[in-house]
Amino acid sequence: MIKQNNILQFQSLSQFPQLIHGFSTRIFGSMRPSHAGYYEAVSNFISKLQVNPLRLVRMNQVHNNVVHVVVDEEGGKVVPETDGLLTDQKQIFLGVITADCLPLFFYDPKKQIVAAVHAGWRGLYAEIIKEAVAKMREQGSNPKDILVGIGPSIRVCCYSVDEAFIEKFREKFGDVEQFLQPRDGKVFFDLQKCAKEQLRIAGISENNIEDGDYCTFDHTDVYSCRREGKDFGEMMGIIGMRNEI
(Lines give C-alpha, C1' and ligand atoms only; values in the text may rest on other atoms or scores of the structure.)
Protein backbone atom coordinates (compact mmCIF):
# COMPACT_ATOMS: atom_id res chain seq x y z
CA MET A 1 0.00 0.00 0.00
CA ILE A 2 0.99 3.61 -0.39
CA LYS A 3 0.50 6.23 2.32
CA GLN A 4 -0.16 9.85 1.43
CA ASN A 5 -1.57 12.55 3.71
CA ASN A 6 -2.06 9.84 6.37
CA ILE A 7 -4.36 7.91 4.02
CA LEU A 8 -3.59 4.35 2.88
CA GLN A 9 -4.30 3.54 -0.76
CA PHE A 10 -3.83 0.76 -3.29
CA GLN A 11 -1.31 1.30 -6.06
CA SER A 12 -3.48 -0.58 -8.55
CA LEU A 13 -6.55 1.59 -7.92
CA SER A 14 -4.63 4.87 -7.74
CA GLN A 15 -4.06 4.80 -11.51
CA PHE A 16 -7.71 5.72 -12.17
CA PRO A 17 -8.24 9.50 -11.83
CA GLN A 18 -12.01 9.21 -11.46
CA LEU A 19 -11.76 6.69 -8.63
CA ILE A 20 -11.64 7.96 -5.04
CA HIS A 21 -10.47 5.48 -2.43
CA GLY A 22 -8.52 5.24 0.80
CA PHE A 23 -8.33 4.08 4.41
CA SER A 24 -8.09 6.37 7.40
CA THR A 25 -5.25 6.06 9.88
CA ARG A 26 -5.24 6.74 13.61
CA ILE A 27 -4.46 10.44 13.16
CA PHE A 28 -8.06 11.04 12.02
CA GLY A 29 -9.49 9.38 15.12
CA SER A 30 -11.72 6.36 15.64
CA MET A 31 -14.51 5.75 13.14
CA ARG A 32 -16.40 3.55 15.61
CA PRO A 33 -19.90 5.11 15.89
CA SER A 34 -20.06 4.61 19.67
CA HIS A 35 -16.87 6.59 20.27
CA ALA A 36 -16.76 10.24 21.24
CA GLY A 37 -15.47 12.31 18.37
CA TYR A 38 -16.85 9.93 15.76
CA TYR A 39 -18.57 12.60 13.66
CA GLU A 40 -15.53 14.87 13.72
CA ALA A 41 -13.27 11.94 12.74
CA VAL A 42 -15.47 11.03 9.78
CA SER A 43 -15.76 14.66 8.73
CA ASN A 44 -11.99 15.18 8.79
CA PHE A 45 -11.34 12.01 6.80
CA ILE A 46 -13.92 12.53 4.09
CA SER A 47 -12.90 16.16 3.64
CA LYS A 48 -9.36 14.95 2.87
CA LEU A 49 -10.84 12.71 0.18
CA GLN A 50 -13.08 15.57 -1.00
CA VAL A 51 -16.22 13.51 -0.39
CA ASN A 52 -19.53 15.20 0.35
CA PRO A 53 -21.02 13.72 3.56
CA LEU A 54 -24.43 13.69 1.88
CA ARG A 55 -23.02 11.32 -0.75
CA LEU A 56 -21.39 8.87 1.67
CA VAL A 57 -23.25 5.58 2.25
CA ARG A 58 -22.29 3.49 5.27
CA MET A 59 -23.29 0.10 6.69
CA ASN A 60 -24.56 -1.23 9.97
CA GLN A 61 -22.21 -4.21 9.75
CA VAL A 62 -23.32 -7.49 11.33
CA HIS A 63 -20.90 -10.09 9.90
CA ASN A 64 -23.33 -11.52 7.35
CA ASN A 65 -23.10 -12.02 3.57
CA VAL A 66 -25.63 -9.40 2.46
CA VAL A 67 -24.45 -7.12 -0.35
CA HIS A 68 -26.70 -4.13 -1.02
CA VAL A 69 -26.91 -2.33 -4.38
CA VAL A 70 -26.88 1.39 -3.59
CA VAL A 71 -28.96 3.83 -5.63
CA ASP A 72 -28.45 7.57 -5.91
CA GLU A 73 -31.24 8.41 -3.46
CA GLU A 74 -29.43 6.59 -0.64
CA GLY A 75 -26.63 9.14 -0.43
CA GLY A 76 -25.93 10.05 3.20
CA LYS A 77 -27.70 6.99 4.61
CA VAL A 78 -26.63 4.01 6.71
CA VAL A 79 -27.80 0.68 5.28
CA PRO A 80 -28.99 -1.69 8.06
CA GLU A 81 -27.70 -5.22 8.55
CA THR A 82 -25.36 -5.49 5.60
CA ASP A 83 -21.66 -6.06 5.07
CA GLY A 84 -21.28 -5.15 1.43
CA LEU A 85 -22.21 -2.16 -0.70
CA LEU A 86 -22.14 -1.90 -4.49
CA THR A 87 -22.97 0.90 -6.91
CA ASP A 88 -22.59 2.13 -10.47
CA GLN A 89 -23.62 5.65 -9.48
CA LYS A 90 -21.15 8.52 -9.79
CA GLN A 91 -20.67 10.74 -6.74
CA ILE A 92 -21.84 7.96 -4.39
CA PHE A 93 -19.12 6.86 -1.99
CA LEU A 94 -19.21 3.58 -0.08
CA GLY A 95 -17.85 3.29 3.45
CA VAL A 96 -16.66 0.30 5.46
CA ILE A 97 -15.22 0.26 9.00
CA THR A 98 -12.77 -2.33 10.30
CA ALA A 99 -10.29 -3.05 13.08
CA ASP A 100 -8.70 -6.41 12.08
CA CYS A 101 -11.36 -7.72 9.67
CA LEU A 102 -10.67 -7.52 5.95
CA PRO A 103 -11.95 -4.49 4.07
CA LEU A 104 -12.11 -5.29 0.35
CA PHE A 105 -12.55 -2.83 -2.50
CA PHE A 106 -13.83 -4.00 -5.89
CA TYR A 107 -13.64 -1.93 -9.09
CA ASP A 108 -14.73 -2.78 -12.63
CA PRO A 109 -13.22 -0.05 -14.84
CA LYS A 110 -15.15 -1.26 -17.90
CA LYS A 111 -18.64 -1.20 -16.40
CA GLN A 112 -17.81 1.50 -13.87
CA ILE A 113 -18.96 -0.42 -10.81
CA VAL A 114 -17.46 -0.23 -7.32
CA ALA A 115 -18.04 -2.26 -4.17
CA ALA A 116 -16.87 -2.18 -0.55
CA VAL A 117 -17.00 -5.35 1.55
CA HIS A 118 -16.44 -6.08 5.25
CA ALA A 119 -15.14 -9.64 5.63
CA GLY A 120 -14.04 -10.91 9.00
CA TRP A 121 -13.78 -14.64 9.55
CA ARG A 122 -17.57 -14.83 9.80
CA GLY A 123 -17.93 -13.06 6.47
CA LEU A 124 -15.44 -15.41 4.83
CA TYR A 125 -17.27 -18.36 6.35
CA ALA A 126 -20.57 -16.97 5.00
CA GLU A 127 -18.90 -16.45 1.59
CA ILE A 128 -19.62 -12.76 1.24
CA ILE A 129 -16.94 -12.53 -1.45
CA LYS A 130 -18.86 -14.93 -3.67
CA GLU A 131 -21.99 -12.87 -3.08
CA ALA A 132 -20.23 -9.61 -3.94
CA VAL A 133 -18.88 -10.94 -7.23
CA ALA A 134 -22.29 -12.46 -8.06
CA LYS A 135 -23.92 -9.06 -7.45
CA MET A 136 -21.38 -7.38 -9.72
CA ARG A 137 -22.10 -9.95 -12.41
CA GLU A 138 -25.80 -9.19 -12.10
CA GLN A 139 -24.92 -5.56 -12.80
CA GLY A 140 -23.04 -6.56 -15.96
CA SER A 141 -19.47 -7.12 -14.76
CA ASN A 142 -17.22 -9.83 -16.13
CA PRO A 143 -15.08 -11.20 -13.25
CA LYS A 144 -11.96 -11.04 -15.43
CA ASP A 145 -12.33 -7.22 -15.50
CA ILE A 146 -12.73 -6.75 -11.74
CA LEU A 147 -9.84 -5.35 -9.71
CA VAL A 148 -9.73 -6.12 -5.98
CA GLY A 149 -7.77 -4.60 -3.13
CA ILE A 150 -7.42 -6.29 0.27
CA GLY A 151 -6.96 -3.55 2.85
CA PRO A 152 -5.32 -3.29 6.28
CA SER A 153 -6.27 -6.31 8.38
CA ILE A 154 -4.81 -8.76 10.86
CA ARG A 155 -2.47 -11.20 9.15
CA VAL A 156 -1.23 -14.73 9.67
CA CYS A 157 1.71 -13.42 11.71
CA CYS A 158 -0.68 -12.42 14.49
CA TYR A 159 -4.04 -14.16 14.02
CA SER A 160 -4.03 -17.27 16.24
CA VAL A 161 -7.15 -19.48 16.27
CA ASP A 162 -8.39 -22.45 18.27
CA GLU A 163 -9.31 -25.95 17.16
CA ALA A 164 -13.04 -25.21 17.16
CA PHE A 165 -12.45 -22.43 14.64
CA ILE A 166 -10.41 -24.73 12.41
CA GLU A 167 -13.00 -27.51 12.57
CA LYS A 168 -15.79 -25.08 11.69
CA PHE A 169 -14.00 -24.08 8.49
CA ARG A 170 -12.93 -27.65 7.74
CA GLU A 171 -16.51 -28.94 8.00
CA LYS A 172 -17.73 -26.38 5.47
CA PHE A 173 -14.79 -26.04 3.07
CA GLY A 174 -12.86 -29.27 3.42
CA ASP A 175 -9.11 -28.72 3.06
CA VAL A 176 -8.11 -25.68 5.10
CA GLU A 177 -4.52 -26.72 5.80
CA GLN A 178 -3.29 -24.24 3.18
CA PHE A 179 -4.55 -21.41 5.39
CA LEU A 180 -2.92 -22.65 8.62
CA GLN A 181 0.53 -21.96 10.08
CA PRO A 182 1.47 -23.93 13.22
CA ARG A 183 3.99 -21.93 15.25
CA ASP A 184 5.18 -21.85 18.86
CA GLY A 185 2.47 -24.24 20.02
CA LYS A 186 -0.30 -22.23 18.38
CA VAL A 187 -2.06 -22.28 15.02
CA PHE A 188 -2.39 -19.11 12.96
CA PHE A 189 -4.98 -18.56 10.21
CA ASP A 190 -4.29 -16.71 6.96
CA LEU A 191 -7.44 -14.68 6.35
CA GLN A 192 -5.99 -12.99 3.28
CA LYS A 193 -5.05 -16.28 1.62
CA CYS A 194 -8.55 -17.57 2.33
CA ALA A 195 -10.02 -14.43 0.74
CA LYS A 196 -7.80 -14.81 -2.33
CA GLU A 197 -8.95 -18.41 -2.76
CA GLN A 198 -12.58 -17.34 -2.59
CA LEU A 199 -11.86 -14.59 -5.12
CA ARG A 200 -10.19 -17.14 -7.42
CA ILE A 201 -13.19 -19.46 -7.19
CA ALA A 202 -15.44 -16.49 -8.02
CA GLY A 203 -13.46 -15.91 -11.21
CA ILE A 204 -11.13 -13.06 -10.20
CA SER A 205 -7.66 -13.31 -11.73
CA GLU A 206 -4.75 -13.46 -9.29
CA ASN A 207 -3.12 -10.66 -11.29
CA ASN A 208 -6.14 -8.43 -10.52
CA ILE A 209 -5.78 -8.75 -6.74
CA GLU A 210 -3.64 -6.36 -4.70
CA ASP A 211 -2.93 -7.53 -1.17
CA GLY A 212 -2.14 -4.42 0.84
CA ASP A 213 0.08 -6.52 3.15
CA TYR A 214 -0.62 -4.19 6.08
CA CYS A 215 -1.14 -5.98 9.39
CA THR A 216 -3.39 -4.02 11.73
CA PHE A 217 -1.91 -5.75 14.80
CA ASP A 218 1.67 -4.80 13.83
CA HIS A 219 1.06 -1.29 12.52
CA THR A 220 0.23 1.10 15.32
CA ASP A 221 -0.94 3.84 12.93
CA VAL A 222 -4.18 1.87 12.46
CA TYR A 223 -6.61 0.29 14.93
CA SER A 224 -6.68 -3.35 15.99
CA CYS A 225 -9.34 -5.10 18.05
CA ARG A 226 -6.94 -7.81 19.19
CA ARG A 227 -4.27 -5.36 20.22
CA GLU A 228 -6.51 -2.81 21.93
CA GLY A 229 -9.18 -4.91 23.62
CA LYS A 230 -12.91 -4.26 23.97
CA ASP A 231 -12.75 -0.47 23.56
CA PHE A 232 -10.88 -0.77 20.25
CA GLY A 233 -11.10 1.98 17.64
CA GLU A 234 -11.94 1.49 13.98
CA MET A 235 -10.68 2.83 10.68
CA MET A 236 -12.83 3.73 7.70
CA GLY A 237 -12.32 2.76 4.08
CA ILE A 238 -14.07 4.66 1.29
CA ILE A 239 -14.41 3.98 -2.42
CA GLY A 240 -16.43 5.74 -5.10
CA MET A 241 -16.37 7.32 -8.54
CA ARG A 242 -16.51 11.03 -9.13
CA ASN A 243 -17.95 12.62 -12.23
CA GLU A 244 -15.79 12.66 -15.35
CA ILE A 245 -13.10 15.26 -15.26
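A brief structural summary.

What counts, and where the lines are drawn
- Residues numbered from 1 in each chain as written.
- Predicted model: local features only at pLDDT ≥ 70, side-chain atom pairs only at ≥ 80, totals over all residues.
- Heavy atoms only, no water.
- Buried < 20%, exposed > 50% of the residue type's maximum accessible area, 1.4 Å probe, protein only.
- Helix = DSSP H or I, 4+ residues; strand = E, 2+ residues; numbered from the N terminus.
- Arc of directions from axis to C-beta.
- Contact = heavy atoms within 4.5 Å.
- Pairing = 2+ DSSP bridges.
- Polar contact = N/O pair within 3.5 Å; in protein donor to acceptor, adjacent residues only side chain to side chain.

Moving on, we get to helix H3 (residues 128–138). The α-helix advances 3.6 residues per turn, and as a result positions three or four apart in sequence lie on the same side. Among all positions in H3, only Ile128, Ile129, Ala132, Val133, Lys135 and Met136 are buried. The arc enclosing the buried residues of H3, seen along the axis, measures out at 155 degrees, which places them on a common side. Away from its buried face, by an angle of more than 90 degrees, H3 presents the exposed residues Arg137 and Glu138. Check the buried side of H3 and you find it contacts strand S5 (67–69), strand S7 (84–87), strand S9 (102–108), strand S10 (113–119), helix H2 (121–125) and helix H5 (191–201). Just downstream of H3, glycine 140 is the residue with a positive phi angle, here 110 degrees.

Next up on the list: the sheet that holds strand S14 (residues 186–189). The 3 strands lie next to each other as S12-S14-S13, forming an open sheet whose pairing is antiparallel. Edge positions in the sheet fall to strand S12 (160–161) and strand S13 (180–183), since each of these pairs with one other strand and no more. Bridge count between S12 and S14: 2 bridges; the pairing is antiparallel. Paired with valine 161 across the strands is valine 187, a residue of S14.

Before going further, it helps to spend a moment on the side chain of threonine 216. Residue position: threonine 216 is located in the loop between strand S15 (209–211) and helix H6 (225–228). In terms of polar contacts, threonine 216 uses its side chain to reach the side chain of aspartate 100, at 2.6 Å. Beyond its immediate chain neighbours, meaning those up to four positions away, threonine 216 contacts Asp100, Pro152, Ser153, Ile154, Val222, Tyr223, Ser224, Arg227 and Met235.

Our focus in this paragraph is the pairing of strand S3 (residues 19–24). Among the 6 residues that make up S3, 6 are buried, leaving the element largely enclosed by the rest of the structure. Burial along S3 is two-sided: Leu19, His21 and Phe23 facing one way and Ile20, Gly22 and Ser24 facing the other are all buried. Looking at chain direction, strand S2 (residues 7–9) and S3 are connected through 2 bridges and run antiparallel. Pairing of leucine 8 across the sheet is with phenylalanine 23, part of S3. Note: S3 against strand S16 (residues 235–241), 5 bridges, orientation antiparallel. Across the sheet, the residue bridging to phenylalanine 23 is glycine 237, located in S16.

Note that every value here comes from positions in space, so none of it alone points to a role or purpose.
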